[in-house]
Amino acid sequence: MDRKEQDMLPLSHEKVEVDGVYINEAGREEHLHRGQHFPADPVLGKSEWKLTEYAYDNHHEGRTDERLVPKENDTDKMGKITNPRRQIEGG
């Protein structure tokens, strides 16, 4: 038996331990924060909640830093890796 099958999901009225988006048995999604309590479902009452997405508090918008993007007109390509398989030939 897998470890995942042995783990018990949190139930309504238990404390949230990780910030994130949770979904219950009825498919209702909730964005919950650490320290809050899992809400009861209006139809099912007490239900299990599963973490579907972690909540990250980032300062960026998810784009790569411009300094890390290779430029076409860069004159100093010798000191930079332009390809992941490129190896500097020693001489």
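Residues numbered from 1 in each chain as written. Predicted model: local features only at pLDDT ≥ 70, side-chain atom pairs only at ≥ 80, totals over all residues. Heavy atoms only, no water.

- By the naming in an unreviewed UniProt entry, the protein chain is Transposase, taken from Paenibacillus amylolyticus.

1. Here's the deal with the overall build of the protein chain
So, point 1. In terms of helices and strands, the protein chain carries one helix and three strands.
So, point 2. Put simply, the protein chain has 91 residues, and 12% of those count as buried.
So, point 3. Summed over its atoms, the accessible surface of the protein chain is roughly 8,500 Å², and 48% of this surface lies on carbon and sulfur atoms. (Helix = DSSP H or I, 4+ residues; strand = E, 2+ residues; numbered from the N terminus. Buried < 20%, exposed > 50% of the residue type's maximum accessible area, 1.4 Å probe, protein only. Areas by Shrake-Rupley, 256 points an atom, 1.4 Å probe, with all protein chains shown as cover.)

2. What about the pairing of strand S2 (residues 29-32)?
So, point 1. The pairing of strand S1 (residues 20-24) with S2 spans four bridges and is antiparallel. Looking at the pairing, Tyr22 lines up with Glu30 of S2.
So, point 2. What sits between the antiparallel neighbours S1 and S2 is a turn of four residues, in which Gly27 has the positive phi angle 90°. (Pairing = 2+ DSSP bridges.)

3. A few points about the pattern of salt bridges
So, point 1. Taken as a whole, this structure holds two salt bridges when the rule is applied.
So, point 2. With a closest N to O distance of 2.8 Å, Arg28 and Glu30 form a salt bridge.
So, point 3. Residue Arg28 is classed as partly exposed on the basis of its relative accessible area, which comes to 26%.
So, point 4. Note that Arg28 is salt-bridged to Asp41, the shortest N-O span being 3.9 Å. Of the two residues, Arg28 sits in the loop between S1 and S2 while Asp41 sits in the loop between S2 and strand S3 (49-54), which places them 13 residues apart along the sequence.
So, point 5. By relative accessible area, which is 7% here, Asp41 ends up buried.
So, point 6. Connected through shared salt-bridge partners, Arg28, Glu30 and Asp41 make up one network. (Salt bridge = Lys/Arg side-chain N within 4 Å of Asp/Glu carboxyl O.)

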